[in-house]
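A structural walkthrough
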Amino acid sequence: MNYISSRGQVSGVSAAEAIKKGIAPDGGLFVPEYIPTLTEDIFRTLEELNYQDRARHILTYYLPDFNEQEIRYCVEGAYNSNNFDNSRIAPLNQLGEKIYIQELWHGPTCAFKDMALQILPYLMTTSMNKTGETSEIIILVATSGDTGKAALEGFSNVDGTRIIVFFPDQGVSEVQKRQMVTQEGKNVHVAGVLGNFDDAQSGVKSIFSNQDYNQSLAERRMKLSSANSINWGRLLPQIVYYISAYIDLRTEGVVKTGDKVNIVVPTGNFGNILAAYYASKMGVPIGKLICAANTNNVLTDFIRTGIYDRNRPFEKTISPSMDILISSNLERLLFEITDHDTRKVSAWMEELKNSGSYNVGPEVYQEVVNGFWSDYCSDEETIAAIRHTWEEKHYLIDTHTAVAVNVYDKYLQSTGDDTVAIIVSTASPFKFGSSVAAAVLPPETIAGRTEFELLYLLEEHTGVKMPDAIRGLEDRKVLHQTVCKVEDMEAAVSEFLDIK
Ligand SMILES: *Cc1c(COP(=O)(O)O)cnc(C)c1O
């Protein structure tokens, strides 16, 4: 299987090349030529396997240019007990009679981004070897908070690569910021940007598309690549855990052959939910994909109207990793549901760039509605969802997961569809500890406390153990202090790379 661009100008690209490049040269995203399908026999085979072996099996379909040892090397390097504090890697817990929650935050940075960013450096270096790459690969990342740290952790000290992360200086939680600015490693660079996530993402995209700049890097034997979910190597490992969750439900006897499951995903850049969509195209019987948004509800409006319109105020919420108005991965969905109509996809993306909106029209819209349902959740509702879930189930969730829990309630009320549901939990509650503390601790306890003090209070009060990766973070040395304007991001890259 080869990869092609969602904009139609690039085709016949190997998986290794697609992963190494990150983004297609015509500005589109790399997509597989076709989506492989899993049969009932394969589902039965997967039931016998652990997470790592399921991952190896599924990756093989999409990486035909990787041999068995290479795939094994990548999977074992990523999903092991040094990196993950749960042997099931992505464990499923029961939250209600027909409601399950999949914890995707047992990796080193306590957010679901680790599921892909622990393996991406292995996929990247293997791809570099396979394609005889002699340039240094410079990974440029824009982050709403969690990708940045997960990418730094993954690529730190990986030979042949350097990583540069831009985060919105005022737009991430204290824990997220600390995690990034204390990152060690000889090849890592971190900068705050005076703007929001969309500004940082647009800044990175414009560096990618500046041909003169890329040429001058090439002369120094450097090539840019991406660790954002625009990179296929980020998306692919995420398909695995949806399939694995479905297989777990089968082995536990919760669903039988052909029974559907609904999947609820707290969504920002549309990467995580898109991976669930690929799982459904591969044959996992998914009823509805429920897209849970915060008040940056551009995707909810899209799923309800077929009109994508980013022209609206950017809101800062307590689920900051979803504070996004330009959801890059929607492009891949549009490519699939238009049956690879790259002309249409290119036109919509052009409209998005020029006017900030596009309308997919009634037929394509019908396809969207068949697969997806969406609603959004305010900060107050987020806090209430954390509180209820704690009081009623004694289960502590972070703010992003709470958005999903709230929106799933709205789904149940609005449709009455109580098909077995999997809610994905995307971060440890301690990663967004001050909001979680505000939800579950008495107000007098939290008044006047710093974010880090609140983490320890939260642990004490709830008895839920803080992940080791977060404990002691407040004492770690700050190693990165650069803050720059959006228009100076390219200059910051040059400075990091020592280019005059
Ligand atoms: C990144 C992130 C999201 C949003 O995921 P997308 O793939 O961007 O839709 C949700 N929750 C958390 C905790 C995240 O880090």
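Scoring rules and cut-offs
The residue numbers shown here count from 1 along each chain, following its written sequence. At least 70 in pLDDT is required for a residue's local features to be given in this predicted model, at least 80 for side-chain atom pairs to be given and counted, and no such filter applies to totals for whole chains, interfaces and linings, which use all residues. Only heavy atoms go into the side-chain values, all of them from the structure, while hydrogens and water stay out. Definition of nearness: a residue and a molecule or strand are near each other if at least one heavy atom of the residue lies within 4 Å of the molecule or strand. Side-chain atoms alone can form a polar contact between residues adjacent in sequence; in general such a contact is a pair of N or O atoms within 3.5 Å, and within protein one must be able to donate a hydrogen while the other accepts it. Working definition of accessibility: Shrake-Rupley area with a 1.4 Å probe, residue cover restricted to the visible protein chains. A pocket here means an open set of points on a 1 Å grid, computed over the protein atoms alone, that has protein on both sides within 12 Å along at least five of seven lines. A cavity is instead a set of points where a 1.4 Å probe fits but cannot get out; residues with an atom within 4 Å of a point line either one. Whether a molecule lies in a cavity or pocket depends on its atoms, and more than half of them have to be within 2 Å of the grid points. Polar here means any residue outside two lists: the nonpolar Ala, Val, Leu, Ile, Met, Phe, Trp, Tyr, Cys and Pro, and the charged Asp, Glu, Lys and Arg; Gly therefore counts as polar. Each residue's exposure class comes from its accessible area (1.4 Å probe, protein chains only) as a fraction of the maximum for that residue type: buried when under 20%, exposed when over 50%, partly exposed otherwise. Under the scheme used here, helices are H or I runs from DSSP no shorter than 4 residues and strands are E runs no shorter than 2 residues, and both carry numbers assigned from the N terminus. In this description, strands pair whenever DSSP reports at least two bridges between them. When the strands point away from the viewer and the connection leading from the first strand across the helix to the second strand turns clockwise, the crossover is called right-handed. The axes are straight lines fitted to the C-alpha atoms, using for helices just the contacting stretch, and the angles between their N-to-C directions are given from 0 to 180°. Pairs of residues are marked as contacts when any of their non-hydrogen atoms sit within 4.5 Å. Under the convention used throughout, the expected extent of a helix is 1.5 Å for every residue step, that is, one less than its residue count. Note on terminology: angles under 35 degrees are roughly parallel, angles over 145 are roughly antiparallel, angles of 65 to 115 are roughly perpendicular, and the others are oblique. Grid points are joined across faces, edges and corners, and a volume is the space filled by probe spheres set on the points. Here a pair means two rings of Phe, Tyr or Trp (six-membered ring of Trp) with centres within 6.5 Å. Their orientation is stacked below 30 degrees between planes, edge-to-face above 60, and tilted elsewhere. Think of it as a cone above the ring: NZ of Lys or CZ of Arg counts as a charge over the ring if it is within 6 Å of the ring centre and within 35 degrees of the ring normal.

1. Some remarks on the site of the ligand
Within the structure, the ligand sits among 15 residues, and Lys113, Asp146, Gly268, Asn269 and Thr426 are positioned closest to it. One of the backbone nitrogen or oxygen atoms of glycine 271 is found 3.2 Å away from an oxygen atom of the ligand. One of the side-chain nitrogen or oxygen atoms of threonine 426 is found 2.9 Å away from a nitrogen atom of the ligand. When the free accessible area of the ligand is taken as 380 Å², the share hidden by the protein chains comes to 98%. Using a 2 Å cut-off from the grid points, one finds that the ligand occupies the largest cavity. Considering only residue class, the shell around the ligand consists of five nonpolar, eight polar and two charged.

2. Considerations on the pairing of strand E6 (residues 161–168)
With respect to burial, E6 is a largely interior element, eight of its eight residues being buried. As defined by bridge partners, strand E5 (residues 136–142) adjoins E6 across six bridges and the pair is classed as parallel. From the neighbouring strand, valine 141 faces E6, where its bridge partner is valine 165. Crossover handedness for the path E5 to helix H7 (residues 146–155) to E6: right-handed. Of the pairings in the sheet, the one linking E6 to strand E7 (residues 188–194) comprises six bridges and is parallel in character. Each residue of the ladder has a partner; that of valine 165, found in E7, is valine 190. After leaving E6, the chain enters helix H8 (residues 174–181) and then returns to the sheet as E7, a path that is right-handed.

3. Quick notes on the sheet that holds E7
The strand order across the open sheet built from five strands is E8-E5-E6-E7-E15, with neighbouring strands paired in parallel fashion. Each edge of the open sheet is held by one strand with a lone partner, namely strand E8 (222–226) and strand E15 (482–485). For this sheet the average axis-to-axis angle between neighbouring strands, irrespective of direction, equals 30 degrees. Where H7 meets the sheet, its contacts fall on E5, E6 and E7, and the angle it forms with E6 comes to roughly 165 degrees.

4. Digging into helix H21 (residues 451–462)
For H21, spanning 12 residues, the distance from its first C-alpha to its last is 16 Å, which sits close to the expected 16 Å at 1.5 Å a residue. Of all the positions in H21, only Glu451, Phe452, Leu454, Leu455, Leu457, Leu458, Glu459 and Thr462 are classed as buried. Looking at the buried side of H21, the elements it contacts are H8, helix H17 (379–393), helix H19 (433–440) and helix H20 (443–446). Following H21 by one or two positions, glycine 463 has its phi on the positive side, about 75 degrees.

5. Digging into the side chain of serine 328
Structurally, the position occupied by serine 328 is in the loop between strand E11 (307–309) and helix H14 (330–337). Discounting residues that sit within four places of it in the chain, serine 328 has contacts with Leu29, Gln201, Lys205, Ile230 and Asn269.

6. Considering the environment of histidine 461
On the secondary structure map, histidine 461 appears in helix H21. Overall, histidine 461 belongs to the partly exposed group, its relative accessible area being 42%. With residues near it in sequence (within four places) discarded, histidine 461 still touches Val440, Leu441 and Pro442. A distance of 3.5 Å separates a polar side-chain atom of histidine 461 from the backbone oxygen of valine 440.

7. Re the packing of helix H13 (residues 298–305) against helix H16 (residues 361–371)
For the pair H13 and H16, interaxial distance at closest approach is 8 Å and the crossing angle is 115 degrees. The pairing of H13 with H16 is recorded here as roughly perpendicular in orientation. Two secondary-structure elements touch here, H13 through Phe302, Ile303, Arg304 and Thr305 and H16 through Tyr365, Val368 and Val369. Per-class residue counts for the contact of H13 with H16 are five nonpolar, one polar and one charged.

8. Here we look at unusual backbone geometry
Look at cysteine 110: it is not a glycine, yet its phi comes out positive at around 70 degrees. Among the structural elements, cysteine 110 can be located in the loop between strand E4 (99–103) and helix H5 (113–117). One non-glycine residue, histidine 340, adopts positive backbone phi at about 65 degrees. Counting through the fold element by element, histidine 340 comes out in the loop between H14 and helix H15 (342–355). The partly exposed category is assigned to histidine 340, whose relative accessible area is 30%.

9. Describing the layout of surface pockets
Its boundaries defined by the atoms lining it, the largest pocket holds a volume of some 1,300 Å³. Counting residues per element, the lining of the largest pocket draws most heavily on helix H9 (residues 197–208), at seven residues.

10. Overview of the packing of aromatic side chains
Within the structure shown, the criterion is met by 17 aromatic pairs. Each ring, one from tryptophan 348 and one from tyrosine 358, has its centre 6.2 Å from the other, and the planes form 20 degrees; the classification is stacked. A residue pair is termed long-range when its members are at least 10 positions apart, and tryptophan 348 in helix H15 and tyrosine 358 in strand E12 (residues 357–359) qualify at 10 residues. Since its relative accessible area comes to 6%, tryptophan 348 is described here as buried. Accessibility expressed as a relative area gives 3% for tyrosine 358, which makes it buried. Through a chain of ring-to-ring contacts, three or more aromatic side chains come together here, namely Tyr3, Tyr62, Trp232, Phe270, Tyr277, Tyr278 and Phe372. The side chain of lysine 130 reaches across the aromatic face of phenylalanine 66, ending 5.5 Å from its centre.

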